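This is what each chain is made of:
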Amino acid sequence: MAGTQAGGKAAASTNKAKYGKDFYAKIGAKGGQRGHTGGFFANRELARAAGARGGRVSRRTKKTEAEA
């Protein structure tokens, strides 16, 4: 059953029985408290530059006049 939807539900119920009904809330809160870097939100200009760089290397093909 591993890797299936039913297996996931069984694992979730086991975790809740072992560690309490708020198991997933607790581990989610821990992850939120661990972060200290701020990510892109901390440096908006860096985020803008990275997005522009990613846009320039887009893998989409350019439309030609015949396709339009």
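In what follows, the accompanying structure is described. These numbers were taken from a predicted model, which means no experiment stands behind them. In this convention, every chain numbers its residues from 1, walking through the sequence in written order. Thresholds applied to this predicted model are a pLDDT of at least 70 for local features of residues and 80 or more for the giving and counting of side-chain atom pairs; totals over whole chains, interfaces and linings are not thresholded and use all residues. Hydrogens are left out, water is left out, and the side-chain values use all remaining heavy atoms of the structure.

Turning to the overall build of the chain, a few remarks are in order. A run of DSSP states H or I qualifies as a helix once it reaches four residues; a run of E qualifies as a strand once it reaches two. Both are numbered from the N-terminal end. Helix and strand counts for the chain come out as three helices and zero strands. Along the chain, helices and strands appear, N-terminal first, in the series α-α-α. Along the longest, intermediate and shortest principal axes, the C-alpha atoms of the chain span 60 × 35 × 15 Å. Across the 68 residues that make up the chain, the buried fraction comes to 4%. Accessible area of the chain: about 6500 Å², with a carbon and sulfur share of 56%. Whether a residue is buried, partly exposed or exposed follows from its accessible area with a 1.4 Å probe, protein chains only, as a fraction of its type maximum: under 20%, in between, or over 50%, in that order. All accessible areas in this document rest on Shrake-Rupley with a 1.4 Å probe, and a residue is counted as covered only by the protein chains that are shown.

We now examine the packing of aromatic side chains. Any Phe, Tyr or Trp ring, taking Trp's six-membered ring, that has another such ring centre within 6.5 Å forms a pair; planes under 30 degrees apart are called stacked, those over 60 apart edge-to-face, and the others tilted. Within the structure shown, the criterion is met by two aromatic pairs. Seen from their ring centres, Y19 and F23 are 5.3 Å apart, and the 25 degrees between their planes marks the pair as stacked. According to the relative accessible area criterion, Y19 is partly exposed, its value standing at 46%. Note on F23 and Y24: the rings are 4.9 Å apart at their centroids and 80 degrees apart in plane angle, and the pair reads as edge-to-face. When its relative accessible area of 37% is taken as the criterion, Y24 is described as partly exposed.

This part takes up the pattern of salt bridges. Put simply, a salt bridge is a Lys or Arg side-chain nitrogen that is within 4 Å of an Asp or Glu carboxyl oxygen. Summed over all chains, the structure comprises one salt bridge. One salt bridge in this structure joins K26 and D22, with 3.8 Å as the shortest N-O distance.

Here a helix's expected span is defined as the number of its residues, less one, multiplied by 1.5 Å. With 15 residues, helix α1 (residues 5-19) ought to run about 21 Å at 1.5 Å a step, and its terminal C-alpha atoms sit 21 Å apart, in line with that. At the C-terminal side of α1, G20 shows a positive phi close to 105 degrees.

Our focus in this paragraph is the packing of α1 against helix α2 (residues 23-34). Axis angle and axis distance: for two packed helices, these are the angle between their axes and the distance between the axes, and together they describe the pair. Structural elements are reduced to axes, namely lines fitted to C-alpha atoms, with helices fitted over the stretch in contact, and the angle between N-to-C directions of any two is expressed from 0 to 180 degrees. With their axes 9 Å apart at the nearest point, α1 and α2 run at an angle of 85 degrees to one another. Between α1 and α2, the crossing angle belongs to the class labelled roughly perpendicular. In this structure, α1 contributes A11, A12, N15, K16 and Y19 to the contact, and α2 contributes F23, Y24 and K26. Along the lines of polarity and charge, the residues of the contact of α1 with α2 split into five nonpolar, one polar and two charged. Each angle receives one of four descriptions, namely roughly parallel if under 35 degrees, roughly antiparallel if over 145, roughly perpendicular if within 65 to 115, and oblique otherwise. Contacts between residues were defined by any pair of non-hydrogen atoms, one from each residue, lying within 4.5 Å. Each residue gets one of three labels, nonpolar for Ala, Val, Leu, Ile, Met, Phe, Trp, Tyr, Cys and Pro, charged for Asp, Glu, Lys and Arg, and polar for the others, Gly among them.

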